[in-house]
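Observations on the three-dimensional arrangement
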Amino acid sequence: MRLNRRGPAVLGAALLSLVALTGCGGDSWGEKAGLPAAGDIAAIEKIVAAHTTCSDLRTGTAGGRLAEETRDPAWAVRERAVCGDDARDTVTLLSIADMAKFQRANKAAAARGKGVQVFLGQDFALAAADPRTAKALLEADVLLFACDKDFKVPDGYRNEELLVDGCALTDYLPG
């Protein structure tokens, strides 16, 4: 009986293709928690617009929250945009290149009293000034990320795993 020497290589290539097609393999952060992924600002805008107003989209660092953090490479922000909500406040959209770096930078800022509460997807973050808009964003399957030392998740709310210790990822929206 003659064995084909290319058989294992062909089988390996087929398995790699199957993993790539099905998305199985190494889970990206947040996938287990059911967080949405976006990839770019246009996809983030679609997620936001499906749950609240996101008009007059503007990219760059002008207006809205997190402009200073966007310029700091420690926050790993790939791209930033802002749009308007129903309350004429802004919603800040951030495409994140490295979620672990983003979470570490926010935790470090919180230790200095300058952390920000944002909503996280797998590869993006959102900040909303208006409480009604913030509540609407929770319906987009994103979760609130907070590193404030006094922030506690009450019983009955989700408290998902993060890439950094000492912070919370939850569907709880305080007051």
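Residues numbered from 1 in each chain as written. Predicted model: local features only at pLDDT ≥ 70, side-chain atom pairs only at ≥ 80, totals over all residues. Heavy atoms only, no water.

**Here's the deal with unusual backbone geometry**
Short version of the rule: Working definition: helices are DSSP H or I runs of at least four residues, strands are E runs of at least two. Numbering for both runs from the N terminus.
Notably, Ala 76 is not glycine yet its phi reads approximately 55°, a positive angle. Here Ala 76 shows up in the loop between helix H3 (67-71) and strand E2 (77-84). Residues other than glycine seldom take positive phi values, yet Asp 141 does so here, at roughly 70°. Relative to the helices and strands, Asp 141 is located in the loop between helix H5 (131-138) and strand E6 (143-146).

**Details of helix H4 (residues 99-111)**
Just so we agree on the cut-off: Here a helix's expected span is defined as the number of its residues, less one, multiplied by 1.5 Å. Exposure categories follow from relative accessible area, calculated using a 1.4 Å probe and restricted to protein chains: below 20% of the type maximum is buried, above 50% is exposed, and the middle band is partly exposed. By definition in these notes, contact holds between two residues if any of their heavy atoms fall within 4.5 Å. Here a polar contact is recorded for every N or O atom pair within 3.5 Å, except that within protein the pair must consist of a potential hydrogen donor and a potential acceptor, and residues adjacent in sequence are included only if both atoms are side-chain atoms.
If you check H4, its first and last C-alpha atoms are 18 Å apart, about what 13 residues at 1.5 Å a residue would give, namely 18 Å. By the burial criterion, the buried members of H4 are Met 99, Ala 100, Phe 102, Gln 103, Ala 105, Asn 106, Ala 109 and Ala 110. Of the surrounding secondary structure, the elements contacted by the buried residues of H4 are E2, strand E3 (90-96), strand E4 (118-120), strand E5 (124-128) and E6. Capping of H4 at its N-terminal end is provided by Asp 98; its side-chain oxygen lies 3.1 Å from the backbone amide nitrogen of Ala 100.

**Focus: the nonpolar core**
As a reminder of what qualifies: We call a set of buried residues a nonpolar core when its members are Ala, Val, Leu, Ile, Met, Phe, Trp, Tyr or Cys and they connect through side-chain atoms within 4.5 Å of each other.
With 25 residues, the main nonpolar core has Phe 102, Val 118, Leu 120, Phe 145 and Leu 169 as its most contacted residues. Elements that contribute at least two residues to this core include exactly E3, H4, E4, E5 and E6. In terms of residues, this core owes the most to one element, H4, which gives five residues. Judged by nonpolar contacts, the second largest core, of 24 residues, contains Ile 41, Ile 44, Cys 54 and Phe 119.

**Observations concerning the pairing of E6**
For the record, the criterion: Two strands pair under a simple rule: DSSP has to find at least two bridges between them.
Here E6 shows two buried faces, one formed by Leu 143 and Phe 145 and the other by Leu 144 and Ala 146. Bridging between E4 and E6 involves three bridges; their strand directions are antiparallel. Paired with Val 118 across the two strands is Phe 145, which belongs to E6. Taken together, the three bridges between E6 and strand E7 (residues 168-170) define a ladder with antiparallel strand orientation. Among the inter-strand pairings, Phe 145 is bridged to a residue of E7, identified as Leu 169.

**Overview of the state of the cysteines**
Applicable threshold: Any cysteine sulfur atom paired with another within 2.5 Å is treated as part of a disulfide.
Enumeration according to the criterion identifies two disulfides in this entry. One disulfide in the model links Cys 54 with Cys 83; its S-S distance is 2.0 Å. Between Cys 54 and Cys 83, the disulfide has an S-S torsion of -105° and is therefore left-handed. Residue Cys 54 is located in the loop between helix H2 (41-49) and strand E1 (55-59), and its partner Cys 83 is located in strand E2; the two are separated by 29 residues in the primary sequence. Residue Cys 54 shares its accessibility class with Cys 83, and that shared class is buried. Here Cys 147 is linked by a disulfide to Cys 167, with a sulfur-sulfur distance of 1.9 Å. Between Cys 147 and Cys 167 the disulfide shows an S-S torsion of about 100°. By sign, it is right-handed. Of this pair, Cys 147 sits in the loop between E6 and E7 while Cys 167 is found in the loop between E6 and E7, placing the two residues 20 residues apart along the sequence.

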